[in-house]
Amino acid sequence: MVVVLVGFMGAGKTTVGHIMAERLGQPFVDSDVLIEQRLGRDIRDIFRTEGEPYFRQLEHVTVAGLVRGPDAVIALGGGAVEDPRTQAVLRHARVVYLRVSYDEAMARVRSDELRPMLRRPDLDEVYRRRLPAYEDLSVLTVDTDGRRPDAVALEVLAQLTRLPETPPVNRVAASLAREDTDGCLRELDRLAPRIGLAEVRLDQMRTFDISKLVANSPVPLVLTCRPEREHGGFTGPESERAGILRTAWESGCAYVDVEADSLDLVPGWGTASPTQVIASQHWFDRMPSGLLGPYRELRDRCAVVKLAGTARSASDVLPVLELLRDASTPVIAMAMGAPGTCTRLLAPAFARTLLTYGAATPAAATAPGQVTVEEMTDRYALHLVTPATRVYLHVIRADAQLASVLRAQAEAEPGAELHVPLQAQDPAFPALLGETLPAMTVCAYPPLSGG
């Protein structure tokens, strides 16, 4: 499980977190320490030189990544809960509030010279201001005054086992190609209730302000700038495109999507950043017979591998499904084109999937075979789908049989069941699909009468 500890300084988040992590057999992560490690600088220096808004953006991206997994016990800085973007992320996590009184907190930390907060004359007001946020975001509150850290940790663990499951991480991402920054931000605000991330295609924008985009986005961003050779809209020199990608990297966005043949750019940027790299490779004219080979060549060079081929027939989805099934690191995998739409719907049911892309509107698709974000969430409830979801693959012969699949999906409990249609004429395809995905149920529809 992912457990997030919040509370004022002196609440014992680090000490309690270490004890919990050891008992759970999971890593312990301090978000402040992780930011310092990534940037090679301490928090005080970041506050002093770039200011608090810059730090809160770094913190937001870091927390969003941690909440998405893998399993860990995570301790947040005391002020993280005041950022609305981080609050939105934390509503999808098991947040535990370690409550400490102001006097007890001061008694515990007043001799710690490394805490610049202690020099604030309004520290008691800061304490009172944060209390409602701690209470609002937490699924569990445990008092720490006068108690040993091991006793607090044991109580937290005991109570966690009695809690209901938290909402799943939303892996639906909008792919946006708006004309300018303000238009993009308006679209992000509209889509934010339905999505967990968003990809912004800088190459498709007439003008853009990367800093403004990242600072004001309500969800974590994937930024990319596709050249013409990758069917993108950027037509300038490669050096200019590299500069745009580097600026995106330095902005503190969640991810920068870099083409596999451009990965050598990344080590040269030389600036510490919490931004992670997606290495992407596309086959616009075909689907390779296997994707695990290209995946293995890239997985140690980036945080996320993205592979996409073009499906001409139902059988072309099988390499994508094999990759989603066997990946050992985060992936984005899809089959482009109408026959591959099913891969976009199935992706959240696999443990290593980072995201699946949806179009902002029917007219705004950025790749063939995309369905809209609204259809992904309102019809298929993909924002609730996890590897625990029961998946039914309906192999149909004609569009006329689609209504039965959609009716089954409409009657299913959102997130508990997922019914996905796949159209195929090859009578051997259902068996191949079943061999590829033995954990899912394949339903083969018979030919329509007269057909």
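Look a little higher up for the structure.
On a predicted model such as this, the values are computed, not experimentally measured, just so you know.

## Quick notes on the overall build of the protein chain
Phase 1: Across its full length, the protein chain carries 18 helices and 16 strands.
Phase 2: Relative to its length of 451 residues, the protein chain is compact, with a C-alpha radius of gyration of 23 Å against a globular reference of 22 Å.
Phase 3: Expressed along its principal axes, the backbone C-alpha trace of the protein chain runs to roughly 80 × 55 × 35 Å.
Phase 4: Burial analysis of the protein chain (451 residues in total) assigns 53% to the buried set.

## Section: the sheet that holds strand β6 (residues 172–176)
Each strand in a sheet pairs with its neighbour through backbone hydrogen bonds, running either in the same direction (parallel) or in the opposite one (antiparallel).
Phase 1: Taken together, the eight strands give an open sheet; going across it, the order is β12-β11-β10-β9-β8-β7-β6-β13, and neighbouring strands pair in parallel fashion. Each having just a single partner strand, β12 (331–336) and β13 (356–359) make up the two edges of the open sheet. Neighbour-to-neighbour, the strand axes of the sheet open up by a mean angle of 25°, direction not taken into account.
Phase 2: Against the sheet, helix α11 (residues 238–251) touches β8 (221–224), β9 (255–259) and β10 (276–283), its axis set at about 155° to β9.

## Description of the packing of aromatic side chains
Phase 1: Applying the stated criterion across every chain, the model contains five aromatic pairs.
Phase 2: Centre to centre, the rings of Phe8 and Tyr127 are 5.1 Å apart; their planes meet at 85°, and the pair counts as edge-to-face. Residue Phe8 is located in the loop between β1 (2–6) and α1 (13–24), and its partner Tyr127 is located in helix α7 (residues 123–137); the two are separated by 119 residues in the primary sequence. Of the two residues, Phe8 and Tyr127, both sit in the buried class.
Phase 3: Aromatic pair Tyr97 and Tyr134: ring centres 5.1 Å apart, planes at 25°, arrangement stacked. Pair noted here: Tyr97 is in strand β4 (residues 94–99) and Tyr134 is in helix α7, with a separation of 37 residues, a long-range link. The exposure classification of Tyr97 matches that of Tyr134, with both residues buried.
Phase 4: Through a chain of ring-to-ring contacts, the aromatic side chains of Phe8, Tyr102 and Tyr127 assemble into a single cluster.

## Section: α1
At 3.6 residues per turn, the α-helix brings residues three or four places apart onto the same side.
Phase 1: With 12 residues, α1 should cover 16 Å at 1.5 Å per step; its first-to-last C-alpha distance of 16 Å lies within 8% of that length.
Phase 2: Every buried residue belonging to α1 is among Lys13, Val16, Gly17, Met20 and Ala21, and all of these are buried. Viewed end-on, α1 has its buried residues packed into an arc of 135°, placing them on one side of the element. Of the exposed residues in α1, the ones pointing more than 90 degrees away from its buried face are Glu22 and Arg23.
Phase 3: The elements touched by buried residues of α1 are β1, β2 (28–30), β3 (72–75), β4 and α8 (149–160).

## Digging into helix α6 (residues 102–109)
Phase 1: Of all the residues in α6, the buried ones are Ala105, Met106 and Val109. Angularly, the buried residues of α6 cover 95° about the axis, an arc narrow enough to put them on a single face.
Phase 2: Along its buried surface, α6 packs onto α7.

## Observations regarding the pairing of β12
Phase 1: Within β12, six of the six residues are buried, leaving the element largely enclosed by the surrounding structure.
Phase 2: Of the two faces of β12, the one holding Val331, Ala333 and Ala335 and the one holding Ile332, Met334 and Met336 are both buried throughout.
Phase 3: As judged from the six bridges shared by strand β11 (residues 304–310) and β12, these two strands associate in the parallel manner. Within β12, the position partnered with Gly309 by the bridge is Ala335.
Phase 4: Since β11 and β12 lie parallel, the crossover through helix α14 (residues 318–326) that links them has a hand, and here it is right-handed.

## Looking at the side chain of Ser175
Phase 1: Mapped onto the fold, Ser175 is located in strand β6.
Phase 2: For Ser175, a relative accessible area of 1% gives the class buried.
Phase 3: Here the side chain of Ser175 touches Glu199 through a polar contact of 2.6 Å, side chain to side chain.

## Focus on the sheet that holds β1
Phase 1: The sheet built from five strands is open, its strands ordered β2-β3-β1-β4-β5 with parallel pairing. Edge strands, defined here as strands with exactly one partner in the open sheet, are β2 and β5 (140–143). With direction set aside, neighbouring strand axes in the sheet form an average angle of 25°.
Phase 2: Of the strands in this sheet, β1, β4 and β5 are in contact with α8, which crosses β5 at around 155°.

## A closer look at unusual backbone geometry
Phase 1: The phi dihedral of His231 falls on the positive side, at around 60°, and the residue is not glycine.
Phase 2: Among the structural elements, His231 can be located in the loop between β8 and α11.
Phase 3: With phi around 50°, Ala381 is a residue other than glycine that occupies positive phi space.
Phase 4: Here Ala381 shows up in the loop between α16 (373–379) and β14 (390–396).

## Focus on the packing of helix α2 (residues 31–39) against helix α4 (residues 52–67)
Phase 1: Running from N to C, α2 and α4 cross one another at 110°; their axes reach a closest spacing of 10 Å. In terms of their interaxial angle, α2 and α4 are classed as roughly perpendicular. In this structure, α2 contributes Ser31, Asp32, Leu34, Ile35, Arg38 and Leu39 to the contact, and α4 contributes Phe55, Leu58, Glu59, Thr62 and Leu66.
Phase 2: In terms of residue class, the contact of α2 with α4 is built from six nonpolar, two polar and three charged.

## As for the nonpolar core
Phase 1: In terms of nonpolar packing, the biggest core is built from 77 residues, with Leu202, Leu221, Leu223, Leu393, Phe429 and Leu433 touching the most fellow members.
Phase 2: Among the elements that make up this core, the one with the highest residue count is α14 (five residues).
Phase 3: Counting 49 residues, the second-largest nonpolar core is a separate cluster that includes Val2, Met20, Leu90 and Leu137.

## Topic: the state of the cysteines
Phase 1: Considering all chains together, one arrives at zero disulfides under this definition.
Phase 2: With no disulfide of its own, Cys253 lies 12 Å from the sulfur of Cys184, the closest cysteine sulfur.
Phase 3: On the basis of relative accessible area, Cys253 is assigned to the buried category, the value being 1%.

Thresholds applied
Residues numbered from 1 in each chain as written. Predicted model: local features only at pLDDT ≥ 70, side-chain atom pairs only at ≥ 80, totals over all residues. Heavy atoms only, no water. Helix = DSSP H or I, 4+ residues; strand = E, 2+ residues; numbered from the N terminus. Rg over C-alpha atoms; globule rule 2.2 N^0.38 Å. Buried < 20%, exposed > 50% of the residue type's maximum accessible area, 1.4 Å probe, protein only. Pairing = 2+ DSSP bridges. Axes fitted to C-alpha atoms, helices over the stretch in contact; angles between N-to-C directions. Contact = heavy atoms within 4.5 Å. Phe/Tyr/Trp six-rings, centres within 6.5 Å; stacked < 30°, edge-to-face > 60°. Expected span 1.5 Å × (residues − 1). Arc of directions from axis to C-beta. Right-handed = clockwise from strand over helix to strand, strands pointing away. Polar contact = N/O pair within 3.5 Å; in protein donor to acceptor, adjacent residues only side chain to side chain. Parallel < 35°, antiparallel > 145°, perpendicular 65-115°, else oblique. Nonpolar A, V, L, I, M, F, W, Y, C, P; charged D, E, K, R; others polar. Core = buried A, V, L, I, M, F, W, Y, C linked by side-chain atoms within 4.5 Å. Disulfide = S-S within 2.5 Å.

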